[in-house]
Each structure stands twice: as structure tokens, then as C-alpha cells.
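Analysis of the macromolecular model
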Amino acid sequence: MPDTVVKLPLRKRPIDIFFAVMFTIFIVTSCIADMLPTLGVDFSQPNGQFLVDSNYWYAHDADPLFMHPPVWMRIVTGLSAFVYLAFYLVLVPALIRGWNWIQLPSVIYATAISVITGVIVFGVEFFGEPEFQTQNPVKFLAFNLPYVLIPLLLLIRMRKPLPFTRRF
């Protein structure tokens, strides 16, 4: 590998701008949504608090697994609230500044979240115990599919070494 790697400027990497925006949104949603079940906050009824009411509005008809999480699901939301959140806080500047070392952590993250969310959570919501199956699949998918599709796109983006030396 050459001593100096010529990275494309951010303006020539629009996919990285897209990723930076999406993962900034993921930072916010990790704080708003995933902290509550992880910390055991009850949002099974609206109570006038923004975070509780937001989570109730989403979960009451679309995500019973999220609303009444068993311990394993609280571990999943805990990963998002603390581990993925920490990764997003590093990933966003890495995407903007073109830090090539983020490639391996991105591949690990994208693989992990795709399996955990895409296989386990979606599997339970659609094929699991009746009390955890979504009653509103359109709403469920509208809110959750980006957390599988965006990481898969990131995985494709990071498929080759030195990702910031090319457009995609």
C-alpha cells in the first residue's frame, strides 16, 4: 500500500453524505427509542412525556415485542442504545473525513445488525409467538426496514479496501 492514499473529497462521494445523514438520524433514534426499553421505562400507556408518548405511538399497534420486551429484547435495544450509538458517533465523522480504517468496524456492525434485526427481530415479529407478532406490518417495516437496508448498503460500500478512494 502506498504511503499516501488519495481520498476523494466528500463532494465526490455523495453516498457518504447520504450515510452520514442516515447515521446521524440513527443517533437520534437510538437515544429516543432504544434507551427506554433498555432502561425499563414503561411506555405501554401515553403519559404526556414526549419520549414515552413517541414510543407508545409507534409500538402500540406495530411492535408488541418492543413495547413489552422480554430480557433478550432489552439486550437487543441495549446494543442499539449503547454499542451502536457509540459506533454511530465515530462512523459519522469517519464517513465525512474519509477515514479508511472504519471499513472493518463497519463490516462487523453491518453484519451484526442485519442478523440481529433482520433475522431475529423480524422473525419474531412476523413468525414468532402470537403475542409478539406485529398487527401493523406496514408501520413496523416503515420504521424498522431502514435499520437493515442502510447497514446492508454500508456493507456493500465497505466491500473493498480503501473505500474513500472511490465513489461507491
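Model, not experiment: these values are computed from the prediction.

Helix and strand counts for the protein chain come out as seven helices and zero strands. Listed by position from the N terminus, the elements making up the protein chain come as α-α-α-α-α-α-α. On the principal axes, the C-alpha backbone points of the protein chain span a range of 55 × 35 × 25 Å. The 168 residues of the protein chain split such that 43% are buried.

Tracing the chain through its elements places S80 in helix α4 (residues 71–97). Given the relative accessible area of 10%, S80 is considered buried. Side chain to side chain, S80 and D34 meet in a polar contact 2.4 Å long. If we ignore the near neighbours within four places in the chain, the residues touching S80 are S30, D34 and L85.

Two side chains bearing opposite charge may form a pair once their charged atoms approach each other closely. For the structure on display, the rule yields three salt bridges. We note a salt bridge from D16 to R13, for which the minimum N-O separation is 2.7 Å. Like D16, the residue R13 is buried in the burial classification. Its salt-bridge partner being D16, residue R157 comes within 2.8 Å of it at the nearest N-O pair.

What follows concerns the packing of aromatic side chains. By the definition in use, this model includes 20 aromatic pairs. Both rings, one in F18 and one in F19, keep their centres 5.7 Å apart while their planes meet at 50 degrees; by these two values the pair is tilted. By relative accessible area, F19 is classed as buried at 0%. Here Y58 and F143 contribute two aromatic rings whose centre-to-centre distance is 5.1 Å and whose plane-to-plane angle is 50 degrees, an arrangement assigned as tilted. A residue pair is termed long-range when its members are at least 10 positions apart, and Y58 in helix α2 (residues 50–62) and F143 in helix α6 (residues 137–144) qualify at 85 residues. The side chain of K139 reaches across the aromatic face of W57, ending 4.0 Å from its centre.

Residues F18, L153, I156 and F168 make up a contiguous nonpolar surface patch of roughly 310 Å² in combined accessible area. Mapped onto the fold, I156 is located in helix α7 (residues 146–157).

For the protein chain, mean pLDDT is 95; residues scoring 70 or higher make up 98% of the total. The least confident element of the protein chain is helix α5 (residues 103–127), whose mean pLDDT is 94; the most confident is α7, at 97.

Time to look at the side chain of Q103. As for its placement among the helices and strands, Q103 is situated in helix α5. According to the relative accessible area criterion, Q103 is buried, its value standing at 18%. Not counting the four nearest positions on each side in its chain, Q103 is found in contact with M158, R159, K160, P161, L162 and P163.

All right, on to the environment of F19 then. Assignment of secondary structure puts F19 in helix α1 (residues 14–39). Placed 34 residues apart in sequence, F19 and D53 show a C-alpha to C-alpha distance of 28 Å. Setting aside residues no more than four positions away along its own chain, F19 makes contact with L95, I150, L153, L154 and R157.

Attention shifts here to the nonpolar core. With 45 residues, the main nonpolar core has F23, F26, Y88 and Y109 as its most contacted residues. When contributions to this core are tallied by element, the ones reaching two or more residues are α1, α2, α3 (64–67), α4, α5 and α7. Top element by residues in this core is α4. It accounts for 11 residues.

Rules and cut-offs
- Numbering of residues starts from 1 in each chain and follows the order in which that chain's sequence is written.
- Only residues with pLDDT of at least 70 are given local features in this predicted model, and only at 80 or more are side-chain atom pairs given and counted; all residues enter the totals for whole chains, interfaces and linings.
- Only hydrogens and water are set aside when side-chain values are computed; all heavy atoms of the structure are taken into account.
- In DSSP terms, a helix is any run of H or I states spanning at least four residues, a strand is any run of E spanning at least two, and both are numbered starting from the N terminus.
- Only protein chains enter the calculation, and the probe is 1.4 Å; a residue is then buried if its accessible area is under 20% of its type maximum, exposed if over 50%, and partly exposed in between.
- Think of a polar contact as two N or O atoms within 3.5 Å of one another; within protein, one of them needs to be a possible hydrogen donor and the other a possible acceptor, and neighboring residues in sequence only count if both atoms come from side chains.
- By definition in these notes, contact holds between two residues if any of their heavy atoms fall within 4.5 Å.
- The term salt bridge refers to a pairing of a side-chain nitrogen on Lys or Arg with a carboxyl oxygen on Asp or Glu at a separation within 4 Å.
- Between the rings of Phe, Tyr and Trp (Trp by its six-membered ring), a pair exists once the centres lie within 6.5 Å; its type follows the angle of the planes, with under 30 degrees stacked, over 60 edge-to-face, and the other angles tilted.
- Counting as a charge over the ring demands two things of the Lys NZ or Arg CZ atom: a distance within 6 Å of the ring centre and an angle within 35 degrees of the ring normal.
- Nonpolar side chains (Val, Leu, Ile, Met, Phe, Trp, Tyr) within 5 Å and like charges within 9 Å form the patches, drawn only from residues with over 30% relative accessible area and no salt bridge.
- The Shrake-Rupley method, run with a 1.4 Å probe, gives the accessible areas here. Residue values count only the displayed protein chains as cover.
- Per residue, pLDDT measures the predictor's confidence, with a range of 0 to 100.
- In these notes, a set of buried Ala, Val, Leu, Ile, Met, Phe, Trp, Tyr and Cys residues joined through side-chain atoms within 4.5 Å is what counts as a nonpolar core.

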